[in-house]
Amino acid sequence: MGEKSGENSSAYTVGEIVALRREAEQLQLCGRSKLDSYTPAELQEICNGIGADWMPEIMRELLTALSPFAEAAAMIHDVEYFEGGGASEREAADRRFRENIVRTAKRSYGWYHPLRYLAMVRAECFYLLLRTFGTAAWKEREVADAEHQ
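None of the values given here were measured: they were computed from a predicted structure. (Residues numbered from 1 in each chain as written. Predicted model: local features only at pLDDT ≥ 70, side-chain atom pairs only at ≥ 80, totals over all residues. Heavy atoms only, no water.)

1. Structural notes on the packing of helix H5 (residues 87-108) against helix H6 (residues 114-133)
Line of reasoning, step 1. Interaxial distance between H5 and H6 falls to 8 Å at its minimum, and their mutual angle equals 170°. As summarised for this structure, H5 and H6 are arranged roughly antiparallel, according to the angle between their axes. The residues of H6 that touch H5, namely those facing Arg90, Glu91, Asp94, Arg95, Phe97, Arg98, Ile101, Val102, Ala105 and Lys106, are Arg116, Ala119, Met120, Ala123, Glu124, Phe126, Tyr127, Leu130 and Arg131.
Line of reasoning, step 2. For the contact of H5 with H6, a count of residues per class yields 10 nonpolar, no polar and nine charged. (Axes fitted to C-alpha atoms, helices over the stretch in contact; angles between N-to-C directions. Helix = DSSP H or I, 4+ residues; strand = E, 2+ residues; numbered from the N terminus. Parallel < 35°, antiparallel > 145°, perpendicular 65-115°, else oblique. Contact = heavy atoms within 4.5 Å. Nonpolar A, V, L, I, M, F, W, Y, C, P; charged D, E, K, R; others polar.)

2. A few points about the layout of surface pockets
Line of reasoning, step 1. Roughly 660 Å³ of internal volume is contained in the largest pocket.
Line of reasoning, step 2. Taken together, 25 residues line the largest pocket, and the ones lying closest to its centre are Gly51, Ala52, Asp53, Leu130 and Ala137.
Line of reasoning, step 3. If you list the elements that add at least two residues to the lining of the largest pocket, you get helix H2 (40-46), helix H3 (57-66), helix H4 (71-83) and H6.
Line of reasoning, step 4. For the lining of the largest pocket, the element with the most residues is H4, which contributes five residues. (1 Å grid on protein atoms, 1.4 Å probe; cavity = no way out; pocket = protein on both sides within 12 Å on 5 of 7 lines; lining within 4 Å. Points joined across faces, edges and corners; volume = space filled by probe spheres on them.)

3. Examining the side chain of Asp94
Line of reasoning, step 1. Inspection of the secondary structure puts Asp94 in helix H5.
Line of reasoning, step 2. We classify Asp94 as buried; its relative accessible area is 0%.
Line of reasoning, step 3. Every residue in contact with Asp94, bar those within four places of it in the chain, is listed here: His77, Tyr81, Tyr127, Leu130 and Arg131. (Buried < 20%, exposed > 50% of the residue type's maximum accessible area, 1.4 Å probe, protein only.)

4. Here's the deal with the environment of Ala11
Line of reasoning, step 1. Looking at the secondary structure, you find Ala11 in the segment before helix H1 (14-26).
Line of reasoning, step 2. Along the sequence, Ala11 and Gln44 sit 33 residues apart, while their C-alpha atoms lie 7.1 Å from each other.

5. Section: H1
Along an α-helix, residues three or four apart share an orientation, since each turn contains 3.6 residues.
Line of reasoning, step 1. For H1, spanning 13 residues, the distance from its first C-alpha to its last is 18 Å, which sits close to the expected 18 Å at 1.5 Å a residue.
Line of reasoning, step 2. Within the span of H1, buried status applies to Ile17, Leu20 and Ala24. Mapping the buried residues of H1 onto a view down its axis gives an arc of 65°, with all of them on the same face.
Line of reasoning, step 3. Each element contacted by the buried residues of H1 is listed here: H2 and H4.
Line of reasoning, step 4. Just downstream of H1 lies Gln28, where phi reads positive at about 55°. (Expected span 1.5 Å × (residues − 1). Arc of directions from axis to C-beta.)

What follows is the structure, encoded as structure tokens:
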């Protein structure tokens, strides 16, 4: 994560945003095309690392530092939460976050590497936390739902 100045309280520098965007592309993460709709400066405003805005900053910084394999997935997830939608969109965003972390683990670490399995366990933990506590961060939007028409 980038150094913070008094003027910019972003979790990431522009260079880090560009690197995470490149990582999402290289790893072929699901939902990566959503990042193309935003400039690096806009992504700086949207993305806060791993954890919700309501969490203490030090806790988000710690989670992010302990889970670098999840940062590109978290950036996509932050954009999806920013864009919002209905309950089904939130569930899909949370599932993609979990799947993207697993994809990152499998493509970044060999089958013998302990970080591969740590990442997969964290993916499941993060998913369960999101399903339990993510409502506060989700931006509800009116969504045309075929079932309700």
